[in-house]
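Structure at a glance
Residue-level listing of the chains:
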Amino acid sequence: MTEIEENNLSKGFYETANVEKDSTMIFRPCYSRRFLPCLLWSWFCKWYLRFMERFFGWYSAGIAKHPLITIQLCLMLVSVCSVGFVWFNSENRTVKLFIPQNSKAIDDLETAEKYFRVNFREEIILLAASPSNPNVLSPECLKQAFRAHNAVMELKSFTELCVTLLGNKSRSPEGCAMINPLEFLQFNESKLSGKDIHEVQRELGKAYNDTSLLMRNGRPFWLNFNRMFGKATRKHGRITDAKALQMIYLLRDPKDDDASDKILNWEKAFMDKVSSLVDKLSCFDVHYSSERSLDDAISASTGSDVKLVSITFTFMISFACFMLGKYLNPLTGHALLANGGVIAVALGILSGLGLGMWLRVPFVSLVGCCLSWFLESASTTCSS
């Protein structure tokens, strides 16, 4: 074996194999002589490690030589990023949170909306008969139903936000699409004056049997009947009894954030208004639902985790301060390191979220709750 072969063998450039017959050693190259990918990758890794070592060495030396300038620059960067909190936007809409806005389902709905009214929001009032008034078709109960309907009509901007069959903005409540059992009275409460329940039943039967009567949602009265009257009873071809009334108001579901905020504010006013009628309508047990009800429920469920997150942060910060502080022995303690580490994490979170808000990235409500709590706990735990 030559001296060159011994050196190559020691470097692992050859594979060896013993042959029993003549006890000779055979050398085979482990790579092609023309292309050396393993050597190229090894060279790149070594270069990268040397580069990172030099960079962080230079970076650390610069920080150590100019600590005050470094601290000022960091605080300036955090301050600039924190300006983004002016545009903090908490996203609670279920459709935005859980459905990709570039998905095929969303694209198909937008295509269908060009020809049909498929994107709308339903605001529902359910008036269930109370034990003392089992039949909601009585004139007294229908008058109370008019109170609920009129309360909705009095809400600001309903005409502007409601759905129309033509897709344009309505100029009056008569142009708004809805599914309302009071339409068989043409929304005229005076038609109940001096009438008993039998006359009301007769008027309701006339509307049900009139196949040419179209309601405000563009469908015949009899097709909407089961959505308006719950557990209706018929005797001898006449509708004699019903256990519940359901009023459905249809609002547009815009994609624009400003218009969507108006819808959400209206729905909040709708829920507040209907909730104020719960104890005022003796004929009914009042129930109501809005499209934002699910969004509010998810937001409340998300916010319920704040307590657990708060406990986690408390233990984490307290542990870091206590273990690194070693307050019993100041000579070996690192109180400044403990406080500095927590403050650095807090500033990093602050600048990162602020930069995201600069870019108009929406966040769930849990982020705002946890952030405010973390910054407060970070400033109080270590200072104590």
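Parameters at a glance
- Residues numbered from 1 in each chain as written.
- Predicted model: local features only at pLDDT ≥ 70, side-chain atom pairs only at ≥ 80, totals over all residues.
- Heavy atoms only, no water.
- Helix = DSSP H or I, 4+ residues; strand = E, 2+ residues; numbered from the N terminus.
- Contact = heavy atoms within 4.5 Å.
- Areas by Shrake-Rupley, 256 points an atom, 1.4 Å probe, with all protein chains shown as cover.
- Phe/Tyr/Trp six-rings, centres within 6.5 Å; stacked < 30°, edge-to-face > 60°.
- Buried < 20%, exposed > 50% of the residue type's maximum accessible area, 1.4 Å probe, protein only.
- UniProt positions renumbered as here; feature names shortened; annotations may be inferred.
- pLDDT = per-residue confidence, 0-100.
- Disulfide = S-S within 2.5 Å.
- Core = buried A, V, L, I, M, F, W, Y, C linked by side-chain atoms within 4.5 Å.
- Salt bridge = Lys/Arg side-chain N within 4 Å of Asp/Glu carboxyl O.
- Pairing = 2+ DSSP bridges.
- Lys, Arg positive; Asp, Glu negative; His and termini not counted.
- Axes fitted to C-alpha atoms, helices over the stretch in contact; angles between N-to-C directions.
- Parallel < 35°, antiparallel > 145°, perpendicular 65-115°, else oblique.
- Nonpolar A, V, L, I, M, F, W, Y, C, P; charged D, E, K, R; others polar.

1. As for the overall build of the protein
Broken down by element type, the protein carries 14 helices and nine strands. Across the protein, the fraction of contacts at a sequence separation of at least 24, relative to all contacts at a separation of at least 6, is 66%. Total accessible area on the protein is roughly 24400 Å²; 61% of this is exposed by carbon and sulfur atoms.

2. What to know about the packing of aromatic side chains
Going through the model one piece at a time under the given rule, you end up with 15 aromatic pairs. Taking the centre distance of 5.7 Å and the plane angle of 15 degrees together, the rings of tryptophan 47 and phenylalanine 51 count as stacked. In this pair, tryptophan 47 and phenylalanine 51 are both assigned in helix α2 (residues 37-65), four residues apart and thus about one turn of the helix distant. Measuring from centroid to centroid gives 6.1 Å for phenylalanine 158 and tyrosine 249, while their planes differ by 85 degrees, and the two rings are edge-to-face. Within this pair, whereas phenylalanine 158 is found in helix α7 (residues 158-161), its partner tyrosine 249 is found in strand β8 (residues 244-252), the two being separated by 91 residues in sequence. Phenylalanine 158 sits in the buried class, given a relative accessible area of 1%. In textbook terms, an aromatic cluster arises when at least three aromatic residues are bridged by ring pairs, as seen for Trp41, Phe44, Trp47, Tyr48 and Phe51.

3. Some words on the UniProt feature "transmembrane region" (unreviewed entry) in the protein
Within the UniProt annotation, "transmembrane region" (unreviewed entry) is assigned to residues 31-49, 69-88, 308-325 and 331-350. Spanning residues 69-88, this segment combines 70% helix with 0% strand, and its end C-alpha atoms are found 30 Å apart.

4. Considering the environment of leucine 294
In this fold, leucine 294 is placed in helix α11 (residues 291-303). Leucine 294 gets classed as exposed once you look at its relative accessible area, which sits at 53%. For the pair leucine 294 and threonine 94, spaced 200 residues apart in sequence, the C-alpha separation works out to 7.5 Å.

5. So, the confidence of the model for the protein
In this model, the protein carries a mean pLDDT of 80, and residues with pLDDT of at least 70 account for 80%. Overall, residues 8-27 carries pLDDT values under 50, and its contacts beyond four positions in sequence, including any with other chains, amount to 33 contacts.

6. Quick notes on the state of the cysteines
For the coordinates displayed, the defined rule picks out one disulfide. Here cysteine 162 connects covalently by a disulfide to cysteine 176, the sulfurs 2.0 Å from one another. One quick way to see it: the torsion about the S-S bond of cysteine 162 and cysteine 176 is about -65 degrees, and its sign makes the bridge left-handed. With cysteine 162 in the loop between α7 and β4 (178-179) and cysteine 176 in the loop between α7 and β4, this pair connects stretches of sequence that are 14 residues apart. Look at cysteine 176 and you get buried, because its relative accessible area is 0%.

7. Thoughts on unusual backbone geometry
Of all residues except glycine, most have a negative phi; of all peptide bonds, most are trans. Non-glycine residue serine 157 carries a positive phi angle of around 75 degrees. Within the secondary structure layout, serine 157 lies in the loop between α6 (139-153) and α7. In this model, phenylalanine 187 sits at a positive phi of 55 degrees, which is unusual for a non-glycine residue. Its place among the elements puts phenylalanine 187 in the loop between β4 and α8 (197-209).

8. What to know about the nonpolar core
Counting residues in each nonpolar core, the largest one holds 53 residues, and the members touching the most others are Leu127, Phe184, Phe221, Phe229 and Phe284. The biggest single contributor to this core is α6, with seven residues. Dropping the residues within four chain positions of it, leucine 127 is found in contact with Val136, Ala145, Lys243, Ala244, Leu245, Met247, Leu281, Phe284, Asp285 and Val286.

9. Looking at the pattern of salt bridges
Side chains that differ in sign of charge can pair as their charged atoms come close. The tally for this structure, following the rule as stated, stands at eight salt bridges. Arginine 121 is the salt-bridge partner of aspartate 253, the closest N and O atoms lying 3.4 Å from each other. Of this pair, aspartate 253 sits in the loop between β8 and α10 (257-275) while arginine 121 sits in strand β3 (residues 120-129), and the two are 132 residues apart along the sequence. Glutamate 267 is paired through a salt bridge with arginine 121; the nearest N and O atoms lie 2.7 Å apart. Here glutamate 267, found in helix α10, pairs with arginine 121, found in strand β3; they are 146 residues apart in sequence, far enough to count as distant. There is no split in this pair, since glutamate 267 and arginine 121 are both buried.

10. So, the pairing of β8
For β8, a buried count of seven out of nine residues is recorded, marking the element as mostly surrounded by other parts of the structure. Judged from the nine bridges that link them, β3 and β8 form a sheet pairing that is antiparallel. The residue bridging glutamate 122 from the neighbouring strand is leucine 250, located in β8. Strand direction decides the pairing type here: β4 and β8, joined by two bridges, are antiparallel. Paired with methionine 178 across the two strands is tyrosine 249, which belongs to β8.

11. Considering the side chain of glutamate 183
Following the sequence through the fold, glutamate 183 ends up in the loop between β4 and α8. Within the buried core, glutamate 183 has no salt-bridge partner, and the shortest N-O distance to an opposite charge, that of arginine 216, equals 4.4 Å. Not counting residues within four places of it along the chain, the set of residues in contact with glutamate 183 comprises Leu214, Met215 and Arg216.

12. Focus: the packing of α8 against helix α9 (residues 221-228)
Following both chains from N to C, one finds α8 and α9 inclined at 125 degrees, their axes separated by 8 Å at the closest point. With respect to each other, α8 and α9 are oriented oblique. Of the residues in α9, those in contact with Leu204, Ala207 and Tyr208 of α8 are Phe221, Trp222 and Phe225. For the contact of α8 with α9, a count of residues per class yields six nonpolar, no polar and no charged.

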